[in-house]
Amino acid sequence: KGIDIIQKTISNYIEFNRVRLVLLGSGDKHYTDFFYYLRDKFPNKVIIQIGYNTSFSHKIFASSDFMLIPSRFEPCGLTQMYALKYGTIPIVRHTGGLADTVFEYLPDHSTGNGLVFNNYSSDDFEFALNRALSIYNHQPHWSKIRLNAMNSNYSSYKSAENYIQIFQWALEKL
């Protein structure tokens with residue numbers, strides 16, 4: 001879900017020391033071959049683990065600055081919610097559950113908890129990644145976006161409160 005967009009853009013960022021990449025997951029062979037190629041070309045900048053490992057995934061969340069989630073579609077998505085709780089800033093495409101939970105950081109207002117792009121394209125993804133790197137290098141914005149992320153609340157308790165409010169409203173209308 002979106003790995004093709006990352007594939008089109010990430011090499012230059014790695015080559016010019018703008019990012020280091022950790023990839024955990026599985027997918028089509030031509031994608032895994034590409035990321036193995038990156039790992040071999042940049043052994044100190046790229047870590048690849050094919051498959052899934054819950055413990056390792058949480059270590060990635062805890063140690064990363066950004067989480068790339070350029071999904072073509074995303075019905076719900078837990079990845080961005082885990083990232084937010086760890087203060088790892090999600091870079092997401094505005095779709096499905098990502099659109100419901102990640103909001104563009106606006107430096108003028110210090111609001112938002114991530115970076116968002118609309119069109120499913122490598123150009124839009126790259127523009128969002130550049131905005132993210134710009135925020136990363138500027139205080140107080142880096143601290144503020146991380147605090148906003150960690151303060152995001154998508155717990156079931158919050159959902160239950162919303163349902164109670166709807167039910168109370170409905171009862172009042174009877």
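Scoring rules and cut-offs
- Starting afresh in each chain, residues are numbered from 1 along the sequence in its written order.
- Thresholds applied to this predicted model are a pLDDT of at least 70 for local features of residues and 80 or more for the giving and counting of side-chain atom pairs; totals over whole chains, interfaces and linings are not thresholded and use all residues.
- Side-chain metrics rest on all non-hydrogen atoms present in the structure, leaving aside hydrogens and water.
- For two strands to count as paired, DSSP must find a minimum of two bridges between them.
- Comment: elements are numbered from the N terminus, with helices defined as DSSP H or I runs of at least four residues and strands as E runs of at least two.
- Nonpolar core, defined: a set of buried Ala, Val, Leu, Ile, Met, Phe, Trp, Tyr and Cys residues in which side-chain atoms within 4.5 Å join the residues together.
- Note on classification: 1.4 Å probe, protein chains only; a residue is buried when its accessible area is under 20% of the maximum for its type, exposed when over 50%, partly exposed between these limits.
- Working rule for contacts: check all heavy atoms of both residues, and any pair within 4.5 Å makes them a contact.
- In this analysis, rings of Phe, Tyr and Trp, with Trp reduced to its six-membered ring, are considered paired at centre separations within 6.5 Å, and the interplanar angle assigns stacked below 30 degrees, edge-to-face beyond 60, and tilted for intermediate values.
- Summarising the geometry, the arc corresponds to the directions from the helix axis toward the C-beta atoms.
- Axes, fitted as lines to C-alpha atoms, cover a helix only where it is in contact. Angles between the N-to-C directions of the axes lie from 0 to 180 degrees.

(A) Spatial organisation of the pairing of strand 3 (residues 66–69). Examined bridge by bridge, strand 3 and strand 4 (residues 89–93) share four bridges and lie parallel to one another. Counterpart to F66 in the pairing with strand 4 is I89.

(B) Spatial organisation of the nonpolar core. Of all hydrophobic cores here, the largest spans 30 residues; its most connected members are I10, I14, F35, L38 and I91. Counting only elements with at least two residues in this core, the list comes to helix 1 (3–15), strand 1 (21–25), helix 2 (29–41), strand 2 (46–50), strand 4, strand 5 (115–117), helix 6 (122–136) and helix 7 (141–151). Looking at this core element by element, the count peaks at six residues for helix 6. With near-sequence residues (within four places) excluded, I14 lies in contact with V19, L21, L38, F42, K45 and V46. M67, I69, A83 and V92 belong to the second largest nonpolar core, which has nine residues in total.

(C) Fine view of the packing of aromatic side chains. Using the criterion set out here, one finds nine aromatic pairs in the structure. On the numbers, 5.3 Å between centres and 55° between planes, the contact of F66 with W142 is tilted. Within this pair, whereas F66 is found in strand 3, its partner W142 is found in helix 7, the two being separated by 76 residues in sequence. Overall, the relative accessible area of 18% leaves F66 in the buried class.

(D) How the structure looks around helix 4 (residues 79–86). Regarding helix 4, the residues found buried are Q80, M81, A83 and L84. In an axial view of helix 4, the angular spread of the buried residues amounts to 160°, which keeps them on one side of the axis. Contacts made by the buried residues of helix 4 are with helix 3 (54–63), strand 3, strand 4, helix 5 (96–101) and helix 7. At the exit of helix 4 stands G87, carrying a positive phi of roughly 75°.

(E) Spatial organisation of the sheet that holds strand 3. Within the open sheet, the three strands sit side by side as 3-4-5. Their pairing is parallel. At either margin of the open sheet sits one strand with a lone partner, and together these are strand 3 and strand 5. In this sheet, neighbouring strand axes are inclined to one another by 10° on average, regardless of whether the strands run parallel or antiparallel. As paired strands, strand 4 and strand 5 are joined by three bridges and run parallel to one another. Bridging from a neighbouring strand, I91 pairs with L115 of strand 5. The strands that helix 6 touches are strand 3, strand 4 and strand 5; relative to strand 5, the one it contacts most, it runs at about 165°.

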